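Structural overview for review
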Amino acid sequence: MEPFPHDRIQLPRNMIENSMFEEEPDVVDLAKEPCLHPLEPDEVEYEPRSSRLLVRGLGENEMDEDEEDYESSAKLLGMSFMNRSTGLRSNASGYSQSSDGSCSVPSLRTMVVCAVVLLIAVSVIMVIYLLPKCTFTKEGCHKKNHTMELIYPLATNGKRFPWAKNRLPSNVVPLHYDLILQPNLTTTKFAGSVQITVNVIQVTWNIILHSSGLNITKATLTSAGWNQAKPVEVLEYPVRDQIAVVAPDALLVGQNYTLSIDYSSNLSDTYYGFYKVSYKDEHAKKRWLAATQFEPLAARSAFPCFDEPAFKATFLIKIKRDEQHSTLSNMPKIVTIPVAAGIVQDEFSVSLKMSTYLVAFIVANLKNISKETNRTLVSIYAMPQKLGQVEHALDTAVKLLEFYQKYFHIEYPLQKLDLVAIPDFQAGAMENWGLITFRETTLLYDDKTSSAMDKKLVTAVIAHELAHQWFGNLVTMEWWNDLWLNEGFATFMEYIAMERTFPELQTDEEFLKLRFKTMMKDSLNASRPISSAVQSSEQIEEMFDTLSYIKGASLLLMLKKYIKHDSFQAGIENYLHNHSYGSTRSDDLWDSMNEITNGTLDVKKLMKTWILQKGFPLVTVKRKGKSLYVQQERFLRSVESENWTSDASYLWHIPLSYTTSSCSSFLCPYAYLLDQKSATIELQEEVKWVKFNVDMNGYYIVHYAEDDWNTLINLLRTDPIALSTKDRAHLINNIFSLVGIGKVSLLKAFHLLDYLEKENHTAPISQALFQLSLIYDLVEKRGMQNLAARVVDRVKKLLGSKIDQQTWTDNGTLSEREFRSTVLAFACSHHLGNCSTTATELFKEWKASNGTKSLPTDVMKTVFTAGAKTDDGWEFLLSMYTSSVSEAEKHKMLEALASTEDVRKLMWLMQTSLEGDLIRAQELSHIIATVSQSLPGHLLGWDFVKENWEKLIRKFHLGSFAIQNIVTVSTFQFSTEAHLLEVKTFFESKSEKISQLRCVKEAIETIQLNIKWMERNLAALQQWL
Ligand SMILES: [Zn+2]
């Protein structure tokens, strides 16, 4: 899935660990790797059990919840114990690490401490054993005999529901689904019938599977050995979206059975499941279409199924429809037969073995263009009036499909690939096998209104979704804890594919920008390891964040640079071949890589330090003569006091790269694997300067000694091109990150920026503008307008001449066009030079032509924004918005409309988008982001979120990317204690589930950090600007 449709990263957010009901998280064996600190015990949280209905009884061996409770209690106490021992480790000398990072031999004192710790451990374990096994039950402790007592929830009919875990049992597995659906676009209801062939692995009387919101009317079970289908009872437990089919006889090991269920439901009015979308056709008549979005947990709301990614099966799908509609599904259509007056049934070929979340179907009236490549028919579908905007997507999809087949040496296995623009879609796109769905802005490209950046976005999203046809669809993560295997890889491959297929788009700089933003989020204490245990639906939803996507991709980039491209490519080819049509864990990937490195490097050992630990390292470099002393610690933006030190048990295996003044070209970065706390690297000769983390291909921040910082700052001033564009952007990002943790003064960071007068490239300038905008936003929202103006003056001094040189055209290379777009947007919003005057003039001309005059696409948004400042201009823009058929243009218009300073208009925009009629609800999070960015709107955005919270979480789902984004954008500029208290109180007043959302924790931590930043830097800022 591609969750970041526009600004591909609005600093999204995460998840909560939970081990109460789950299998063991993928943890490192601490005994084997004593210096590694994979999961923080204090991060493990537990679902409160008091809310659950519990029924006691005796019975089946397939579920022993009490035993599980007991184990969980032990685990909980064990974890607390482990936590205390960790505390001892850092405070006393327990298992301390010597300065070179090796684990020291315990001293006498250590041994005494260990003995005490051991004694406590034994006591705790004894207490656990002696305690009655009643922890977490409502009733408190009862005396009972030694027979294990089972705790089951109640089904909706009051009977005992025979399963009490979030995850389905593995005693019955699905092999094949025959699914018949009949959606009615007039009543917006649908009827369904599914026959699931299952195989029994372990004898049982129940089949447990998922179903959500389905009205089940009939259920039967058949077997080869039975004379006829037998009716079965279906118990429902909606809390976990589960149903239990109670078999009339024991289901025998190795036998296949067919479960048939008839049901009905409503088409959803959210963006999830089998949902309806209204749209205007080419004659402006309101119509409906129905489409699906199943990832991660919504296939169950369209048909009863085993809705976990590892339960792969084949699917035969039939859809009954009105004659005037058409249908699409994953596989090609093979036959259409009449079934009733005006109703026909389309049947699609049997699918490959795949996960339920990849099943898709659409009932609509769309048009397409197609092209065949390598025996696959590629088609782009859109609403008829938008068919003129699909050509770029078709060419791009064909080129990329060819690229991936060559790169992976595995053919795309289906005969067709449809890419469909859905007029209302929450995510950016979704990779359903053979039927990829998109937002209109991520698939359609219009010559007259799409900018250079729009083209890049469309290309990138197609590249991402096509990569999923292998990473995700052919080989799938076993469970959502390893979502990064899908998303990190698809994101990484997206950049590889674009670099090779469309080098002119320069997407590597885009990727760099995203790495910077992801590291900001990952340096919060509320961050998580990218492979993290998840159970509840909110936790699973929260996995769709920038860590799974961008951090995942960044780690793969770092590995690729270290082991070199050919080995890396061979490794992933190996992985795809080894696990085609199967499910994997992170370890499977490293094992496949290790087959290639063949003992020269243990990829698993190296990568586990990155996958299982949250955050990333700060590497401090000290140079003396030819020696480089390097040292690592966790980079944490902490709200603690200045002399606080981060947890010393974090240790990464860091593939360091560095370049020096004696490197004759950029082809010679040196490499060094830092797998200890510190090390000394000997250079061959003395050098004038050294720069670590070349092109920021590694996922770490670097701090230098005072002299080396000064040398680098000087180098930027005297000879900036001695460093690559990415290295220059990296130094800017690096130094401001260090200001954030108090390692470098703000003054030094501003000194570094002074070289910008000589800078002509987008990456460093946009990074500088990003950093300065963060400061501007903070002081502006605190009402310090004079100080904010001085930040802008600083930019004017550095970039003024470049702003004046810009032309209002679409001329130039892509890089020049992006540069123009970035600096003019900044200049106009801060009234620099004559930017606003020119933009206003252009808007007047456009308005006078009734919107027929074509505007340069790269500055179109800036022109609209200038025009939207007057009431007249705003009204005109809104009327053009409602009639435009270009989503690229509408997107720019909407951003301009939301930039007005008129708070009544801002309120109206948010409200109208929430209603979803005139402005689609898919735009809401982006509108709230734009509104919250401005001074008049920043309190309004938060007020709107508070007032409409219940509606928001109903429409977008708790934990979804949209909700993560809304929480972030409406709070991230707050920097006062009063706002901190307000945000905290609001979420705490909702529910524990909501206050425990990772995005909420991150929002609170961000406000605390803002307060801290202001305390630390405000005086310096006032003094030096
Ligand atoms: Zn994806």
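Residues numbered from 1 in each chain as written. Predicted model: local features only at pLDDT ≥ 70, side-chain atom pairs only at ≥ 80, totals over all residues. Heavy atoms only, no water.

The name recorded for the chain in an unreviewed UniProt entry is Leucyl-cystinyl aminopeptidase, from Terrapene triunguis. According to UniProt, the comment filed for the chain under the heading Subcellular location (unreviewed entry) is "Cell membrane". (UniProt positions renumbered as here; feature names shortened; annotations may be inferred.)

**A word on the overall build of the chain**
Secondary structure assignment for the chain yields 29 helices and 33 strands. A burial count over the chain gives 61% of its 1025 residues as buried. Of the contacts made within the chain by residues no fewer than 6 positions apart, 73% connect residues no fewer than 24 positions apart. Carbon and sulfur atoms provide 52% of the accessible area of the chain, an area that totals close to 38700 Å². (Helix = DSSP H or I, 4+ residues; strand = E, 2+ residues; numbered from the N terminus. Buried < 20%, exposed > 50% of the residue type's maximum accessible area, 1.4 Å probe, protein only. Contact = heavy atoms within 4.5 Å. Areas by Shrake-Rupley, 256 points an atom, 1.4 Å probe, with all protein chains shown as cover.)

**Overview of the packing of aromatic side chains**
In this structure the tally under the stated criterion is 49 aromatic pairs. Judged by centre distance (6.4 Å) and plane angle (10°), the ring pair of Phe-489 and Tyr-575 falls under stacked. Taken together, the positions of Phe-489 in helix H5 (residues 483–501) and Tyr-575 in helix H9 (residues 565–579) put the pair 86 residues apart, joining distant regions of the chain. On the basis of relative accessibility, which here comes to 0%, the residue Phe-489 falls in the buried class. The rings of Phe-403, Tyr-404, Tyr-407, Phe-408, Tyr-412, Trp-470, Phe-471, Phe-489, Phe-492, Phe-568 and Tyr-575 are connected pair by pair, giving a single aromatic cluster. Here the guanidinium or amino end of Lys-847 rests over the ring plane of Phe-876, the centre of that ring lying 5.8 Å away. (Phe/Tyr/Trp six-rings, centres within 6.5 Å; stacked < 30°, edge-to-face > 60°. Lys NZ or Arg CZ within 6 Å of the ring centre and 35° of its normal.)

**Things to note about the pattern of salt bridges**
A complete count under the given rule lists 47 salt bridges for this structure. One salt bridge connects Asp-346 with Arg-321, and the closest N-O pair in it is separated by 2.5 Å. With Asp-346 in strand E18 (residues 343–348) and Arg-321 in strand E15 (residues 314–322), this residue pair connects regions lying 25 residues apart in the sequence. Summarising the burial analysis for this pair, Asp-346 and Arg-321 share the class buried. Salt-bridge contacts for Lys-608 lead to Asp-587; the nearest nitrogen and oxygen are separated by 3.7 Å. Of the two residues, Lys-608 is situated in helix H11 (residues 603–611) and Asp-587 in helix H10 (residues 586–597); the sequence distance between them amounts to 21 residues. Three or more residues are tied together by salt bridges with common partners; here these are Lys-386, Glu-440, Glu-887 and Lys-890. (Salt bridge = Lys/Arg side-chain N within 4 Å of Asp/Glu carboxyl O.)

**Observations regarding the sheet that holds strand E6 (residues 189–200)**
A sheet is described by the order of its strands in space; here eight strands give the open sequence E9-E8-E12-E6-E5-E15-E18-E17, paired in mixed fashion. Looking at which strands have only one partner, the edges of the open sheet turn out to be strand E9 (230–231) and strand E17 (333–340). As paired elements, strand E8 (residues 215–223) and strand E12 (residues 256–266) share eight bridges and run antiparallel to each other. Paired with Thr-222 across the strands is Thr-258, a residue of E12. (Pairing = 2+ DSSP bridges.)

**Some details on the nonpolar core**
In this structure, Phe-303, Tyr-404, Met-493 and Phe-692 are the most contacted members of the largest nonpolar core, which totals 310 residues. Looking at which domains feed residues into this core, each of domain 1 (481–612) and domain 2 (920–1024) supplies at least three. Apart from residues lying up to four places away in sequence, Phe-692 is in contact with Val-621, Leu-628, Val-630, Leu-656, Ser-657, Tyr-658, Ile-681, Val-702, Tyr-704 and His-730. (Core = buried A, V, L, I, M, F, W, Y, C linked by side-chain atoms within 4.5 Å. Domains from an automatic or database assignment.)

**Here's the deal with the sheet that holds strand E29 (residues 654–660)**
Read across the sheet, three strands follow the order E30-E29-E32 without closing on themselves; strand pairing throughout is antiparallel. Because the sheet does not close on itself, it has two edges, and the strands there are strand E30 (670–674) and strand E32 (690–692). Strand-to-strand, the axes of this sheet are offset by a mean angle of 30°, without reference to chain direction. Relative to E30, E29 is paired through five bridges, and the arrangement is antiparallel. Looking at E30, one finds that Ile-654 is bridged to Leu-674. (Axes fitted to C-alpha atoms, helices over the stretch in contact; angles between N-to-C directions.)

**Side note on the coordination of the zinc ion**
Taken together, Met-1 (N), Met-1 (O), His-464 (NE2), His-468 (NE2) and Glu-487 (OE) make up the protein donors of the zinc ion, found 2.0 to 2.5 Å from the metal. A relative accessible area of 0% means that His-464 is categorised as buried. You can call His-468 buried: its relative accessible area is 0%. (Donors = N, O, S within 2.8 Å, 3.2 Å for Na, K, Ca; no water.)

**A closer look at the confidence of the model for the chain**
Averaged over all residues, the pLDDT of the chain equals 87, while 85% of them reach at least 70. Predicted confidence is poor over residues 9–106, with pLDDT under 50, and the contacts of this stretch with residues over four places away or in other chains come to 260 contacts. Here residues 127–147 is modelled with pLDDT under 50, and outside its nearest four sequence neighbours on either side it reaches 28 contacts, counting other chains as well. (pLDDT = per-residue confidence, 0-100.)

**Some words on unusual backbone geometry**
Most peptide bonds take the trans configuration, and most residues that are not glycine carry a negative phi. Here Glu-295 and Pro-296 are connected by a cis peptide whose omega angle stands at 0°. Tracing the sequence through the fold places Pro-296 in the loop between strand E14 (286–293) and E15. Phi at Ala-284 is positive, roughly 60°, even though this residue is not glycine. Structurally, the position occupied by Ala-284 is in the loop between strand E13 (273–280) and E14. With relative accessibility at 56%, the residue Ala-284 sits in the exposed group. Despite not being glycine, Lys-564 shows a phi value in the positive range, around 75°. Looking at where Lys-564 falls in the secondary structure, it is placed in the loop between helix H8 (546–563) and H9.

**Some details on the environment of Tyr-581**
For Tyr-581, the location among the structural elements is in the loop between H9 and strand E26 (583–584). Along the chain, Tyr-581 and Met-354 lie 227 residues apart, while their C-alpha atoms are 6.9 Å from each other. With sequence-adjacent residues up to four places away left out, Tyr-581 is seen in contact with Lys-312, Leu-352, Lys-353, Pro-413, Trp-433 and Leu-474.

**Considerations on the packing of helix H6 (residues 507–522) against helix H15 (residues 762–781)**
One can describe the packing of H6 onto H15 by two numbers: an axis separation of 10 Å at closest approach and a directional angle of 25°. The pairing of H6 with H15 is recorded here as roughly parallel in orientation. Of the two elements, H6 crosses H15, and the hand of that crossing is right-handed. The residues of H15 that touch H6, namely those facing Glu-509, Lys-513, Phe-516, Lys-517 and Met-520, are Thr-762, Ala-763, Ser-766, Gln-767, Phe-770 and Leu-774. (Parallel < 35°, antiparallel > 145°, perpendicular 65-115°, else oblique. Left-handed = near helix turned anticlockwise from the far one by under 90°.)

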